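Topology and contacts: notes
Chain residues, written in single-letter form:
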Amino acid sequence: FKFYNKQYHIKDLKRDKQSIKKEQTIDHFTPIKNKNLKHSIVNKKFLNNYQLQDIRIDKNKLSLLKRGKIKPEKILDLHGLTSVEAKTKAIEFTKINFNLGLRLLLIITGKGKIKINDLNREELKTGVLRKSLKSWLYDSDLRPNILGIISSHISHGGEGAFYVYLKNNKTL
């Protein structure tokens, strides 16, 4: 490792107040092992992507969901709704069903319209509901109660629908 450092003139990144000023932008950084991750650079850049991919479902249950072996307990169809209406309905639907003690929900958003770009003749998918459903649910107060949101099996809607897997409600 020492040879590598000498050959390419690699220096350790020091994190003191003099080396990094507020006006400077950091193009690259080394991850810091820090218990308080709320204020670190890593959290600010990558937290949203991590949240949207956060799945806390056990492997056996996840494989059953991906193969379509488990039937959803309740289904909500958001076809034809505006973004605001769909957001409120999706959040209310998950809250009500969590309070009822249900675990697996299916929310159908649809794939969205496919527009063809005239310049490149490429297809552009513009599914507003499909793109924003995960962030709506994760940004609401339901976040601690959601174990995962994954795309559904083709028999339940494929790319146009999502399984919402909830925690077991222990208050019942």
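Up top is the structure these notes are about.
So, here is what we can say about the structure in this document.

Reading guide: rules and limits
Residues numbered from 1 in each chain as written. Predicted model: local features only at pLDDT ≥ 70, side-chain atom pairs only at ≥ 80, totals over all residues. Heavy atoms only, no water. Pairing = 2+ DSSP bridges. Helix = DSSP H or I, 4+ residues; strand = E, 2+ residues; numbered from the N terminus. Axes fitted to C-alpha atoms, helices over the stretch in contact; angles between N-to-C directions. Contact = heavy atoms within 4.5 Å. Salt bridge = Lys/Arg side-chain N within 4 Å of Asp/Glu carboxyl O. Buried < 20%, exposed > 50% of the residue type's maximum accessible area, 1.4 Å probe, protein only. Right-handed = clockwise from strand over helix to strand, strands pointing away. Core = buried A, V, L, I, M, F, W, Y, C linked by side-chain atoms within 4.5 Å. Expected span 1.5 Å × (residues − 1). Arc of directions from axis to C-beta. Parallel < 35°, antiparallel > 145°, perpendicular 65-115°, else oblique. Left-handed = near helix turned anticlockwise from the far one by under 90°. Nonpolar A, V, L, I, M, F, W, Y, C, P; charged D, E, K, R; others polar.

Attention now moves to the sheet that holds strand β2 (residues 104–108). In sheet architecture, strand pairing relies on hydrogen bonds along the backbone and comes in two forms, parallel and antiparallel. Judged by pairing direction, the sheet is mixed, and its four strands sit side by side in the order β1-β2-β6-β5 without closing on themselves. Edge strands, defined here as strands with exactly one partner in the open sheet, are β1 (74–77) and β5 (146–151). Mean inter-strand twist for the sheet, computed between neighbouring axes without regard to direction, equals 20 degrees. Sheet topology places β5 next to strand β6 (residues 161–166); five bridges connect them, and they run antiparallel.

Following the sequence through the fold, Lys-111 ends up in the loop between β2 and β3 (113–116). On a C-alpha basis, the gap between Lys-111 and Leu-129 in space is 8.5 Å, while along the polypeptide they are 18 residues apart. Residues contacting Lys-111, with those up to four places away along its chain left out, are Gly-127, Arg-130, Glu-159 and Gly-160.

With that settled, consider the pattern of salt bridges. Counting across every chain of the model gives one salt bridge. Lys-95 is paired through a salt bridge with Asp-141; the nearest N and O atoms lie 3.6 Å apart. With a gap of 46 residues between them, Lys-95 in helix α4 (residues 83–100) and Asp-141 in the loop between α5 (128–139) and β5 connect regions that are remote in the sequence. For Asp-141, a relative accessible area of 56% translates into the label exposed.

Before going further, it helps to examine the pairing of β1. By the bridge criterion, four bridges tie β1 to β2 in an arrangement that is parallel. Looking across to β2, one finds that Leu-76 is bridged to Ile-107. At this point the chain moves from β1, through α4, to the parallel β2, and the crossover so formed is right-handed.

Counting residues in each nonpolar core, the largest one holds 21 residues, and the members touching the most others are Ile-107, Leu-133, Leu-137, Ile-146, Ile-149 and Val-164. Only α4, β2, α5, β5 and β6 provide two or more residues apiece to this core. In this structure, Ile-57, Leu-65, Leu-106 and Tyr-165 belong to the second largest nonpolar core, which totals 11 residues.

With that settled, the discussion passes to α4. With 18 residues, α4 extends 26 Å between its outermost C-alpha atoms, agreeing within 8% with the 26 Å of an ideal straight helix rising 1.5 Å per residue. What α4 keeps buried is the set Ala-86, Ala-90, Ile-91, Phe-93, Thr-94, Asn-97 and Phe-98. Viewed along the axis of α4, the buried residues span an arc of 160 degrees, placing them on a single side of the element. Across α4 from its buried face, at more than 90 degrees, point the exposed residues Val-84 and Leu-100. Along its buried surface, α4 packs onto β1, β2, α5 and β6. Two residues or fewer past α4, Gly-101 is found with a positive phi of approximately 90 degrees.

For the rest of this paragraph, the subject is the packing of α4 against α5. Here α4 crosses α5 at 45 degrees, and the two axes come no closer than 10 Å. Viewed along their axes, α4 and α5 adopt a mutual orientation that is oblique. Crossing of α4 over α5 shows right-handed handedness. Residues Ser-83, Ala-86, Lys-87, Ala-90, Ile-91 and Thr-94 of α4 pack against Leu-129, Leu-133, Trp-136 and Leu-137 of α5. Of the residues that constitute the contact of α4 with α5, the class distribution is seven nonpolar, two polar and one charged.

Let us now look at the pairing of β2. With respect to burial, β2 is a largely interior element, five of its five residues being buried. The pairing of β2 with β6 spans five bridges and is antiparallel. Paired with Leu-105 across the bridge in β6 is Val-164.

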